[in-house]
Amino acid sequence: MPKKTPIKKTLRGKFLKIYLLLGVIGFAVTVVLGSYVLEKNQINSVSKMLYRLASNLAADSPLRYSASATNLRALFFTLPAIADSQGIEIWIVNDSGNIILNTENPWITANNPALIENFAPESWGNTYYIIGDFFDFFSKEQLSVISTITSDMEVHGYILIHYPMSRLYHEVNRRLWMILFIYLAVYIIFLLVLLIFTNRIYRSFRAILEGADALAQGNLNYQIPVDAEGELGHLACTLNYAAEQLNKDSEFRRNYISNISHDFRSPLTSIKGYVEAILDGTIPYEMQEKYLKIVSYEAERLEKLTRSIITVSNLSSHQRTLIMENFDINDTIRKSVSTFEVFCRDKKIQISLLFHGESLYVHADCEQIQQVLYNLIDNAIKFSSPGTEITVETTEQGNKVFVSVKDQGPGIPKDELSLIWDRFYKADVSRGKDRTGTGLGLSIVREIIKAHSQNIDVISTEGVGTEFIFTLDIAK
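If you're wondering where the values come from, they're calculated on a predicted model, not measured in any experiment.

Student: Would you mind going over helix H9 (residues 441–451) in detail, with residue names and values included?
Tutor: Buried within H9 are the following residues: Leu442, Ser443, Ile444, Val445, Glu447, Ile448 and Ile449. Phi turns positive one or two residues past the end of H9, at serine 453, with a value near 60°.

The structure is reproduced here in structure tokens:
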């Protein structure tokens, strides 16, 4: 028996490790990808909001007509309030690139402007915002949005709005932490669900493993408690069924050996006894021929039993290959029946043949079907009373040929019908007329028909007779 290997890594542990690993990977992906997506979305959202504000200010600005001190003074009182409420910095830049109003620096005026070096809005291209220190004006990154002040198709200046990127990053981090909190909450909930699920699966799996170990150690009576559904429940039921079948096979092997020993012992005892009696002179010379015939008969019984055992063994282990061919089943039946003429004459039994047409071709292994016919007819003769009739009939239905062997014997009791196919099963001697059979004939018949993927059935009524019917494929 192979040595039992302890389980070092359980399936539940592997599931948990994989889940934890996926959780870590998912967390890292969420942080990296989430930060990137949130930042892009926030920049896009804030820049659009600021651009709308800048466009509205540019459209309503008095500077559309002139950058006079009066107009600038009016804007100086309105723009800081807007900037404070939005947490932004608003600039007004003239067409020469000079800052003439800054909501964060009241010292910058039209009379005291601040020049923006290398200021060229046209170089921004299609975008309306940039991110950076805005030409070294800021020590920290800003999101800067620009909108032109135009009138009569002429540019009179620009409105610039600056938004601190630190504020934007703070909002991105706040939203990211919310996402991560939801992620961790869902992750923990699913972890609990996984633990409950794997615990239930693990219990069922452990029960199956214990059952498999019990079977491996030869305890074929062990039954796995089935409390799971789905694949594990099916597996447990399958193992229980396999254990039952192995138990039955084990019992069959014991009975098999017992039956073989019994069936071999009887003729061997007779042969040994008569041969020794002849050798030591107990049986006189003039009587030796009689007892030698008995020895020959018993030896024939042994040969027949041996052939039957080999046939059953080969059929069961699929060692015998079917040689499929087209042949006339009617002609095969005639030849099989002719081998029983002497037995039928001795018992005054008549065999009637009822054929579907003169010839009827089937597709099967001719030699094995002859064996089936021989066994069925032999059985019918054994259990038929003298002066009765046996009917062998063929009929055609669809793509099948039905072959029937019917006798007028004592019939088979209902409680024995399911047992007649068992190996070494012999009918009660009270209804049988022959005690020399091996008990393998019908088992061989069923194995051959099963190897052909065909069906065989039996109909029997006590006091009336028995009929065996099997099918064959009609030849194409």
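Student: So what's going on with the environment of glycine 23? Residues and values would help.
Tutor: With respect to the helices and strands, the residue glycine 23 is situated in helix H1 (residues 11–60). By relative accessible area, glycine 23 is classed as buried at 7%. When the C-alpha atoms of glycine 23 and isoleucine 188 are compared, they prove to be 9.7 Å apart, with 165 residues separating the residues in sequence. Not counting residues within four places of it along the chain, the set of residues in contact with glycine 23 comprises Tyr183 and Tyr187.

Student: Tell me about the sheet that holds strand S6 (residues 154–164), and please be specific about residues and values.
Tutor: Overall, antiparallel pairing links the six strands, which are arranged S3-S2-S1-S6-S5-S4 in an open sheet. Strands with a single pairing partner mark the edges of an open sheet, and in this sheet they are strand S3 (114–115) and strand S4 (129–132). Pairing analysis gives six bridges linking strand S1 (residues 89–94) to S6, with the strands arranged antiparallel. Counterpart to glutamate 89 in the pairing with S6 is histidine 162. Across the sheet, helix H3 (residues 165–216) lies against S4, strand S5 (142–151) and S6, angled at about 50° from S6, the strand it touches most.

Student: Quick rundown of the packing of aromatic side chains? Include the residues and the values.
Tutor: Two measures describe an aromatic ring pair: the distance that separates the ring centres and the angle between the ring planes. Taken as a whole and judged by the stated rule, the model has twelve aromatic pairs. Consider the rings of tryptophan 91 and phenylalanine 137, whose centres lie 5.2 Å apart with planes at 65°: the pair is edge-to-face. Residue tryptophan 91 is located in strand S1, and its partner phenylalanine 137 is located in the loop between S4 and S5; the two are separated by 46 residues in the primary sequence. In this structure phenylalanine 137 comes out as partly exposed when scored by relative accessible area, which is 33%. With a centroid separation of 6.4 Å and 75° between ring planes, the pair formed by phenylalanine 119 and phenylalanine 135 is classed as edge-to-face.

Student: Go over the side chain of serine 352 with me, naming the residues and quoting the values.
Tutor: Structurally, the position occupied by serine 352 is in strand S8 (residues 350–354). For serine 352, the contacting residues outside a window of four places in its chain are Glu389, Ile390, Thr391 and Val392.

Student: Please provide a residue-by-residue account of the pattern of salt bridges, values included.
Tutor: Applying the stated rule across the entire model yields eight salt bridges. The salt bridge involving aspartate 473 is made with lysine 400; its shortest N-O contact spans 2.7 Å. Placement of aspartate 473 in strand S13 (residues 465–474) and of lysine 400 in strand S11 (residues 400–406) is noted, with a sequence separation of 73 residues between them. For aspartate 473, a relative accessible area of 29% translates into the label partly exposed. Judged by its relative accessible area of 23%, lysine 400 falls in the partly exposed class.

Student: Account for the nonpolar core, with residues named and values stated.
Tutor: Nonpolar side chains in soluble globular proteins tend to be buried together. Membership of the largest hydrophobic core comes to 38 residues, with the highest contact counts inside it found for Ile329, Leu376 and Phe470. Not counting residues up to four positions away in its chain, the partners in contact with isoleucine 329 are Leu360, Val362, Ile369, Leu373, Thr394, Val401, Val403 and Leu472. Within the second largest apolar cluster, 27 residues are counted, among which are Ile90, Ile100, Leu143 and Val145.

Student: Describe the pairing of S5, and please don't skip the residues or the numbers.
Tutor: Burial runs high along S5: eight of the ten residues are buried. The pairing of S5 with S6 spans ten bridges and is antiparallel. Counterpart to serine 147 in the pairing with S6 is isoleucine 159. Taken together, S5 and the strand that follows it, S6, pair antiparallel across an intervening segment of two residues, in which aspartate 152 is found at a positive phi of about 55°.

About the criteria used
Residues numbered from 1 in each chain as written. Predicted model: local features only at pLDDT ≥ 70, side-chain atom pairs only at ≥ 80, totals over all residues. Heavy atoms only, no water. Buried < 20%, exposed > 50% of the residue type's maximum accessible area, 1.4 Å probe, protein only. Helix = DSSP H or I, 4+ residues; strand = E, 2+ residues; numbered from the N terminus. Contact = heavy atoms within 4.5 Å. Pairing = 2+ DSSP bridges. Axes fitted to C-alpha atoms, helices over the stretch in contact; angles between N-to-C directions. Phe/Tyr/Trp six-rings, centres within 6.5 Å; stacked < 30°, edge-to-face > 60°. Salt bridge = Lys/Arg side-chain N within 4 Å of Asp/Glu carboxyl O. Core = buried A, V, L, I, M, F, W, Y, C linked by side-chain atoms within 4.5 Å.

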